[in-house]
Each structure stands twice: as C-alpha cells, then as structure tokens.
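Observations on chain architecture
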Amino acid sequence: MTSWRLTSVPSIDDGNRSFLLNELDGFQTNTGVVVLATTNHPEKLDSAILDRPSRFDRKYYFNLPAEAERLTYIGRWSEQLESELRLSSAGAFAVVRETQGFSFAYLKELCMASMVQWMSCGRDQSMDQVMLGQAELLRRQLKAV
C-alpha cells in the first residue's frame, strides 16, 4: 500500500531555508518522494531554490488562459447553474473581456464570489452585473499583489 504525505511550506525564513535546501539536494535518501512546487510569481523565489540544478529538475511555464479558454471556463461554469443564476451570452463575453490576465484560480474565485454575492444581494441584480463587479474587485487585488 502506498502512503502519501502532503506537506507545504508556508514561508521560507532563515530558520528553515537551510533545512529545505538540504532536503531538496537529497543528502538523505528519500526514495519514492516527489517534490512539486507551484507559483504564480517565480521572480519572487529565492534563486537558491529556483536556479540551482537538481533542486527542481523541470520547470514548466503555463501561460494565462486566453480569451477562448476563459470563455469556455466561464460558459461551462454558468451552464451548471440554475437558470436564474446563469450569465447571458452578452454577459459571458463581457466577463471574458474584463478578465484578461486572470489565472484559472482567479476565474474560479470570480465564479464562487459572484455566486455568493448574487445570493446575498437579494437577487436584485443580474449575474452579469454581479460578476462584472466581482471581476473589478479581483482586478484591484491582482494589481495590489
């Protein structure tokens, strides 16, 4: 039976940096251990982690979703909702235009936040209006990061 242990490192500081680097270098045998790291901001990573061979042998870069991909994502999400919650076709296109630069994680957050906002605002706005408003809030967050 395979045993899985998932761990995450919330932040690297001087106290745990050396330990992490030693583990990545493989000074001890870690048979069957795979280390996977993800980031939206590789430029913020310590070069001792990012640029040293053998610490992370492969790096894959994924572009942000293009307009067609965002439209497919938003459309599939909307189709799964009750009819009163769905975006109109024009609304979906408007949301896609307003989400340039959003990752899939931000699109998911946009969908969830919009649904919660629609339910809490007394349903007096269309999902189109709510989602465009939520997209603007998330865009401000992106700029602040």
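Further up the page is the structure itself.
Summarised in this report is the structure supplied together with it. (Residues numbered from 1 in each chain as written. Predicted model: local features only at pLDDT ≥ 70, side-chain atom pairs only at ≥ 80, totals over all residues. Heavy atoms only, no water.)

With respect to the nonpolar core
Within the largest apolar cluster, 20 residues are counted, with the highest numbers of intra-cluster contacts made by Ile-74, Trp-77, Leu-87, Leu-110, Met-127 and Met-131. Where this core is concerned, the elements lending two or more residues are helix H3 (67-79), helix H4 (89-98), helix H5 (104-120) and helix H6 (127-144). Considering every element that reaches this core, the biggest residue donor is H5, with 6 residues. Those residues in contact with Leu-110 that lie beyond four places of it in its chain are Val-95, Thr-99, Phe-102, Met-131, Gln-134, Ala-135 and Leu-138. Among the nonpolar cores identified, the runner-up in size contains 6 residues, and Leu-20, Leu-21, Ala-48 and Phe-56 belong to it. (Core = buried A, V, L, I, M, F, W, Y, C linked by side-chain atoms within 4.5 Å. Buried < 20%, exposed > 50% of the residue type's maximum accessible area, 1.4 Å probe, protein only. Helix = DSSP H or I, 4+ residues; strand = E, 2+ residues; numbered from the N terminus. Contact = heavy atoms within 4.5 Å.)

Here we look at the environment of Gln-125
If you trace the backbone, Gln-125 turns up in the loop between H5 and H6. Along the sequence, Gln-125 and Arg-52 sit 73 residues apart, while their C-alpha atoms lie 52 Å from each other. Sequence-distant contacts of Gln-125, defined by excluding residues within four places in its chain, comprise Trp-118 and Val-130.

A word on the packing of H5 against H6
In a packed pair of helices, the relevant descriptors are the angle between the two axes and the axis-to-axis distance. Between H5 and H6, the least distance of the axes is 9 Å, while the angle of their chain directions is 130°. One finds that H5 runs oblique with respect to H6. The handedness of the crossing between H5 and H6 is right-handed. Between H5 and H6, the contacting residues are Tyr-106, Glu-109, Leu-110, Cys-111, Ala-113, Ser-114, Met-115, Gln-117 and Trp-118 on the first element and Met-127, Val-130, Met-131, Gln-134, Ala-135, Leu-138, Gln-141 and Leu-142 on the second. (Axes fitted to C-alpha atoms, helices over the stretch in contact; angles between N-to-C directions. Parallel < 35°, antiparallel > 145°, perpendicular 65-115°, else oblique. Left-handed = near helix turned anticlockwise from the far one by under 90°.)

Some words on helix H1 (residues 14-25)
The end-to-end C-alpha distance of H1 is 17 Å, a good match for the 16 Å that 12 residues give at a rise of 1.5 Å each. Along H1, the residues classified as buried are Leu-20, Leu-21 and Leu-24. The arc enclosing the buried residues of H1, seen along the axis, measures out at 100°, which places them on a common side. For H1, the exposed residues set more than 90 degrees away from the buried face come down to Gly-15 and Phe-19. On the buried face of H1, the contacting elements are helix H2 (47-50). With its phi angle positive at about 80°, Gly-26 sits one or two positions after the end of H1. (Expected span 1.5 Å × (residues − 1). Arc of directions from axis to C-beta.)

Some points on the side chain of Thr-99
In this structure, Thr-99 sits in the loop between H4 and H5. Judged by relative accessible area, Thr-99 falls into the buried class, the value being 0%. Side-chain polar atoms of Thr-99 contact the side chain of Arg-70, separated by 3.1 Å. Filtering out sequence-adjacent residues up to four positions away, Thr-99 remains in contact with Arg-70, Leu-107, Leu-110, Ala-135 and Arg-139. (Polar contact = N/O pair within 3.5 Å; in protein donor to acceptor, adjacent residues only side chain to side chain.)

Focus: the side chain of Ser-103
Looking at the secondary structure, you find Ser-103 in the loop between H4 and H5. Excluding its chain neighbours within four sequence positions, the residues that come into contact with Ser-103 are Leu-64 and Pro-65.

Things to note about the environment of Glu-79
With respect to the helices, strands and loops of the structure, Glu-79 is situated in helix H3. Remark: the alpha-carbon pair of Glu-79 and Ala-105, spanning 26 residues in sequence, is separated by 19 Å.

Notes on the packing of H3 against H4
The geometry of H3 relative to H4 is characterised by a closest axis approach of 9 Å and an angle of 130° between their N-to-C directions. Considering the angle they form, H3 stands oblique to H4. The hand of the H3/H4 crossing is right-handed. Residue-level inspection shows Glu-67, Arg-70, Leu-71 and Ile-74 of H3 in contact with H4, the latter providing Ala-92, Phe-93, Val-95 and Val-96. Taken together, the residues of the contact of H3 with H4 sort by class into 6 nonpolar, no polar and 2 charged. (Nonpolar A, V, L, I, M, F, W, Y, C, P; charged D, E, K, R; others polar.)

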